[in-house]
Amino acid sequence: MTEPRTERLQGPPDPAWTTHVTADPPPRDPRDAMSLQTAWLRSFLAVADKGGFGAATLVLHLSQSRVSAHIAALEYALGVTLFDRKARPIRLTEAGELFRGHAMTALLELQRGVDAARGTLDSFVAHVSIGSYPSVSSTYLPAVLRELKSTYQGMTVDLFEGNASTLEEMAVNGTVDLAFRPLLPKMHETTLCHRTIWREDIVAVMREHDPLAGQTSVSVDDIQARPLIGNPAGSEEDGGGFDLRHTLGEASGRADIVYLTDQPTTLVALVRSAFGVGIINRLALRTTSTEGLAIRTIDSPTAFREVALFWARRRADTVGVKAFLDVQGRAKLPPGVQAILS
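Let me sum up the structure you'll find in this document. In this text the structure is predicted, and so the values were computed from the model without any measurement.

## With respect to the overall build of the protein
Thought 1: Of regular secondary structure, the protein possesses 12 helices and 13 strands.
Thought 2: The proportion of buried residues among the 342 residues of the protein is 43%.
Thought 3: Considering only contacts within the protein whose residues lie at least 6 apart along the sequence, 73% involve residues at least 24 apart.

As structure tokens, then:
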């Protein structure tokens, strides 16, 4: 076999050949992984989990146009379509399904890297995002945060508010690291960890001259016969009016529910204006004035709610979650609730 011949170039090299071997490496493709932004990934996961752009805005606290822009930028960067927008509700394409797990893992690993890097500092540095709802936010959370900042001085915190449904979504898609939420209605996502904290009464609120105010407590039959105002807002499928329905039990199907609201102040205002009897957790009434109103216990075995703190298992070992769990476990509970040791 003839050996391949190797020639030594003589004289000035060919310009084209010189360009080929001495030029800098080609510039990085602007659509590779290094160009992706974490905000795009969070929006993608929220839309995928919630099944729509509009619904995702509720857990991301972003405008729909911003969420849409994030998804469009991500799809351009990847060079694939992630959602079938013709479907109702929209659904992930095959590429979207494949990318979803990687996106979740990437965000989690990035947070772990941030925590690990900050762990090398002499002072404590960490960040945590907390989801809550009005009565917890006003009667309990400030004391927990004060202790958190005192114990872990380098901790920064973001706060988000919602109802049972949106708080679950925020915990699942990573908008928050931990979320305070009633145990019921049950979570759709069964992989979340939780710590049950307290039990509180569900009570009836009425005007002080209401005939029911002359009783020390009211029965299910008493309130089932009256126009009722409950919380939270939303459809029954989404947990709207859950405390009211749960308290009434089988009688809830015959109840005249005239209004549902997320805000205790609104419920109290509606009761004061004679729209009906309010059914709400007792702790929520501490967030607003009840002057001129009567508050009565309800003779029902289900006239209570249990409140828990939820977090994703994949976030359990992050510095911020560990710090918050440590402080919350030692925090004094708000007045009027019964502690639950779990």
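## Looking at unusual backbone geometry
Thought 1: In this chain, Arg88 is followed by Pro89 through a cis amide linkage whose omega measures -5 degrees.
Thought 2: Residue position: Pro89 is located in the loop between strand 1 (83–84) and strand 2 (91–92).
Thought 3: For the bond from Leu184 to Pro185, the omega torsion is 0 degrees, close enough to zero to count as cis.
Thought 4: Along the chain, Pro185 falls in the loop between strand 5 (178–182) and strand 6 (192–207).
Thought 5: A positive phi angle, close to 60 degrees, is found at His61, a residue other than glycine.
Thought 6: With respect to the helices and strands, His61 occurs in the loop between helix 3 (53–60) and helix 4 (64–78).
Thought 7: A residue is classified by how much of its surface remains accessible, and His61, at 41% relative accessible area, is partly exposed.
Thought 8: Of note in this structure, Ala274 is not a glycine but carries a positive phi near 70 degrees.

## Some remarks on the nonpolar core
Thought 1: Core analysis: the largest hydrophobic core is formed by 61 residues, its most contacted members being Phe44, Phe83, Leu148, Leu178, Phe180 and Phe324.
Thought 2: Of all the elements, helix 2 (residues 38–50) adds the most residues to this core, at 7 residues.
Thought 3: Apart from residues no more than four positions distant in its own chain, Leu148 is found in contact with Val128, Met155, Val157, Ala323, Phe324 and Val327.
Thought 4: By size, the runner-up hydrophobic cluster in this structure holds 18 residues, among which are Ala213, Val220, Ile223 and Leu244.

## Describing the packing of helix 2 against helix 4
Thought 1: Running from amino to carboxyl end, helix 2 crosses helix 4 at an angle of 110 degrees, the nearest separation of the two axes being 8 Å. Comparing their axes, helix 4 and helix 2 come out roughly perpendicular. Across the interface between the two elements, Ala39, Trp40, Leu41, Ser43, Phe44 and Val47 from helix 2 touch Val67, His70, Ile71, Ala73, Leu74 and Ala77 from helix 4.

## Some words on helix 8 (residues 164–173)
Thought 1: Within helix 8, 9 of the 10 residues are buried, which leaves it mostly tucked inside the rest of the structure.
Thought 2: Taken residue by residue, helix 8 has Ala164, Thr166, Leu167, Glu168, Glu169, Met170, Ala171, Val172 and Asn173 as its buried positions.
Thought 3: With a side-chain oxygen lying 3.1 Å from the backbone nitrogen of Ser165, the N-terminal cap of helix 8 falls on Asn163.
Thought 4: Downstream of helix 8 by a residue or two, Gly174 has a phi angle that is positive, lying close to 90 degrees.

## A look at the pattern of salt bridges
Thought 1: Summed over all chains, the structure comprises 12 salt bridges.
Thought 2: Across the pair Arg199 and Glu306 runs a salt bridge, and its minimum N-O distance is 3.0 Å. Highlighted residues: Arg199 in strand 6 and Glu306 in strand 12 (residues 304–312), separated in sequence by 107 residues.
Thought 3: If you follow the salt bridges from partner to partner, you end up with Glu147, Asp326 and Arg330 in one network.

What counts as what
Residues numbered from 1 in each chain as written. Predicted model: local features only at pLDDT ≥ 70, side-chain atom pairs only at ≥ 80, totals over all residues. Heavy atoms only, no water. Helix = DSSP H or I, 4+ residues; strand = E, 2+ residues; numbered from the N terminus. Buried < 20%, exposed > 50% of the residue type's maximum accessible area, 1.4 Å probe, protein only. Contact = heavy atoms within 4.5 Å. Core = buried A, V, L, I, M, F, W, Y, C linked by side-chain atoms within 4.5 Å. Axes fitted to C-alpha atoms, helices over the stretch in contact; angles between N-to-C directions. Parallel < 35°, antiparallel > 145°, perpendicular 65-115°, else oblique. Polar contact = N/O pair within 3.5 Å; in protein donor to acceptor, adjacent residues only side chain to side chain. Salt bridge = Lys/Arg side-chain N within 4 Å of Asp/Glu carboxyl O.

Without other data, these values stay purely geometric and don't point to any function.
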